[in-house]
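A closer look at the structure
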Amino acid sequence: MSLKAGIVGLPNVGKSTLFNAITKKNILAANYPFATIEPNVGVVTVPDERLDVLNEMYHPERLVPTTFEFTDIAGLVKGASSGEGLGNKFLSHIREVDAIVEVVRCFEDAEITHVEGKIDPIRDIEIINVELILADLEIIQNRINKIGKKADMAKDKETILEVNTLKKCEKALTENVALRNIDFEEEELEVIKNFNLITLKPIIYATNVSEETAIAGENEYTKLVQDYAQKEGSETIIMCAKVESELSELDEEEKKAFLQDIGIASSGLDKLIQATYKLLGLETFFTSGTDEVRAWTFKKGMKAPECAGIIHTDFQKGFIKAEVMSYQDLAELKSEKAVKEAGKLRLEGKEYLMQDGDICYFRFNV
């Protein structure tokens, strides 16, 4: 699965510090070393305690976690939609991602100047929102101008549907409403999917706080962002990019000790990765044995043959059946043999919708 999350934010909000922490994050398996596909793209593992349990159970030669990409999108300033700063480059990069992580500065530091003069997280969010809305509005209005007259004379349902959908988008955007906050019918989403509209993408707000706030859990600024996000149905992650950067230099044991020492239950970066994984609509199935235990990413709603194809295209072409047991059953019963004896090993066919935590062996014939 080649899904990407893009990290955006104004200058001096901690975006680069967070991305640097992401790029240094250790990969568990030797055959999955950290990969920088481009200077601004990093591949991260998805933290999953189930892998640790399976590792203890199977003692495999290889343990391979599932991964996805974060893209550091630089160049956003006020006026980006009209080409200010690296506006055009910024907009082209953000159109290529599937979800947005917006880093919002929620810490005071006299030595780090704010591009707008003072700390105001809601103003910062609105600056970015306006630029993204203006960028989408330009695309929508250009398309309306192109097909508007044709639509007036057209009788076919497809053209009428497209124009009505575009006008619905235009109305929302001119009212400063991101398209992800609008209810669309499936046929309307089909119309606009090829426009790759930025404000249609789901978003998470990563509030970058001081170490003291990370320990305390919140401050006056994070509360404002949480209220804002809640109104649009988005999630907020509180984290300290500086602490995450320090953590990224440590091994797992040192990391646990460091977190314990400063009184933080778990890494903000791990929470962000898991939340973004969920935001992208991703889930995990496993293949397991003494040679390898591996986590595989799939899109929620995929059927068994499609998931088999993630491993190898031949598995999908020649799919016969999938032997499936749930992670929960295996963890409770302690062995594959016990799962079989309990009658909880299932044979599933082509219409089976894969579930998060399924442990699979695919039967195929090519």
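Residues numbered from 1 in each chain as written. Predicted model: local features only at pLDDT ≥ 70, side-chain atom pairs only at ≥ 80, totals over all residues. Heavy atoms only, no water.

Looking only at helices and strands, the protein features 15 helices and 12 strands. The burial tally for the protein puts 51% of its 366 residues in the buried class. A fraction of 69% describes how many contacts in the protein between residues 6 or more apart in sequence connect residues 24 or more apart. Roughly 18,500 Å² of accessible area belongs to the protein as shown, and the carbon and sulfur atoms make up 48% of that amount. (Helix = DSSP H or I, 4+ residues; strand = E, 2+ residues; numbered from the N terminus. Buried < 20%, exposed > 50% of the residue type's maximum accessible area, 1.4 Å probe, protein only. Contact = heavy atoms within 4.5 Å. Areas by Shrake-Rupley, 256 points an atom, 1.4 Å probe, with all protein chains shown as cover.)

Here we come to the confidence of the model for the protein. Summarising the model, the protein shows a mean pLDDT of 87, and 89% of its residues fall at 70 or more. Between residues 26-37, whose pLDDT stays under 50, and residues either more than four places distant or in other chains, the model counts 30 contacts. (pLDDT = per-residue confidence, 0-100.)

This part covers the environment of Ser 267. Within the element layout of this structure, Ser 267 appears in the loop between α10 (252-262) and α11 (268-279). Take Ser 267: its relative accessible area is 3%, and that puts it in the buried class. With 11 residues separating them in the primary sequence, Ser 267 and Lys 256 have C-alpha atoms 9.1 Å apart. Sequence-distant contacts of Ser 267, defined by excluding residues within four places in its chain, comprise Glu 244, Leu 247, Lys 255 and Leu 259. A distance of 3.1 Å separates the side chain of Ser 267 from the backbone nitrogen of Leu 269, its partner in a polar contact. At 3.2 Å, the side chain of Ser 267 and the backbone nitrogen of Asp 270 are in polar contact. (Polar contact = N/O pair within 3.5 Å; in protein donor to acceptor, adjacent residues only side chain to side chain.)

Per the stated rule, a full pass over the model turns up 19 salt bridges. Arg 62 is the partner of Glu 292 in a salt bridge, and the nearest nitrogen-oxygen pair spans 3.2 Å. Pair noted here: Glu 292 is in strand β9 (residues 292-299) and Arg 62 is in strand β3 (residues 62-64), with a separation of 230 residues, a long-range link. Classification of Arg 62 as partly exposed rests on a relative accessible area of 33%. Arg 294 is paired through a salt bridge with Glu 292; the nearest N and O atoms lie 3.0 Å apart. Residue Arg 294 is classed as buried on the basis of its relative accessible area of 15%. Sharing partners across several salt bridges, the network here consists of Asp 48, Arg 50 and Asp 356. (Salt bridge = Lys/Arg side-chain N within 4 Å of Asp/Glu carboxyl O.)

Assignment of secondary structure puts Thr 71 in strand β4 (residues 67-72). The class for Thr 71 is buried, based on a relative accessible area of 6%.

Within the open sheet, the six strands sit side by side as β2-β4-β1-β5-β6-β7. Their pairing is mixed. Single-partner strands in this sheet number two, and they are β2 (41-45) and β7 (235-239). When the angles between neighbouring strand axes are averaged without regard to direction, this sheet yields 25 degrees. Direction of pairing for strand β6 (residues 203-208) relative to β7: parallel, over a ladder of five bridges. Bridge assignment links Thr 207 to a residue of β7, and that residue is Ile 238. (Pairing = 2+ DSSP bridges. Axes fitted to C-alpha atoms, helices over the stretch in contact; angles between N-to-C directions.)

In this section: helix α5 (residues 157-174). Over its 18 residues, α5 extends 26 Å from the first C-alpha to the last, a length consistent with the 26 Å expected when each residue adds 1.5 Å. Trailing α5 by a residue or two, Asn 176 shows a phi angle of about 65 degrees, which is positive. (Expected span 1.5 Å × (residues − 1).)

Taken as a whole and judged by the stated rule, the model has eight aromatic pairs. Following the ring pairs from residue to residue traces out a cluster consisting of Phe 285, Trp 296, Phe 298, Phe 319 and Phe 362. A cation over an aromatic ring shows up here: Arg 105 above the ring of Phe 107, its NZ or CZ 4.4 Å from the ring centre. (Phe/Tyr/Trp six-rings, centres within 6.5 Å; stacked < 30°, edge-to-face > 60°. Lys NZ or Arg CZ within 6 Å of the ring centre and 35° of its normal.)

Before going further, it helps to spend a moment on the nonpolar core. One finds Leu 18, Phe 68, Phe 70, Ile 94, Tyr 205, Leu 269 and Leu 272 to be the most contacted residues of the largest nonpolar core, which totals 57 residues. Within the second largest apolar cluster, 16 residues are counted, among which are Ile 133, Leu 166, Cys 169 and Ile 192. (Core = buried A, V, L, I, M, F, W, Y, C linked by side-chain atoms within 4.5 Å.)

Taken together, Glu 49, Asp 52, Glu 56, Asp 251, Glu 252, Glu 253 and Glu 254 make up a surface patch of like negative charges. Breaking the negative patch down by element, the ones donating at least two residues are α2 (49-58) and α10. Relative to the helices and strands, Glu 252 resides in helix α10. Accessibility expressed as a relative area gives 38% for Glu 252, which makes it partly exposed. (Patch = residues over 30% accessible without salt bridge, like charges linked within 9 Å, V, L, I, M, F, W, Y side chains within 5 Å. Lys, Arg positive; Asp, Glu negative; His and termini not counted. Charge placed at Lys NZ, Arg CZ, Asp CG, Glu CD.)

Moving on to the pairing of strand β10 (residues 319-326). In this structure, β10 lies alongside strand β12 (residues 358-364), joined through seven bridges in antiparallel fashion. The residue bridging Glu 323 from the neighbouring strand is Tyr 361, located in β12.

We now examine the environment of Asn 219. Relative to the assigned elements, Asn 219 resides in the loop between α7 (211-216) and α8 (220-231). The exposure class of Asn 219 is buried, given its relative accessible area of 16%. Once residues lying within four places of it in the same chain are set aside, the contact partners of Asn 219 are Cys 106, Val 209 and Thr 213. Polar side-chain contacts of Asn 219 include one of 2.9 Å to the backbone oxygen of Cys 106.

Along the chain, the position of Gly 6 falls in strand β1 (residues 4-8). For the pair formed by Gly 6 and Arg 95, sequence separation is 89 residues and the distance between their alpha carbons is 9.3 Å. Those residues in contact with Gly 6 that lie beyond four places of it in its chain are Thr 71, Ile 73, Val 97, Ala 99, Ile 100 and Val 101.

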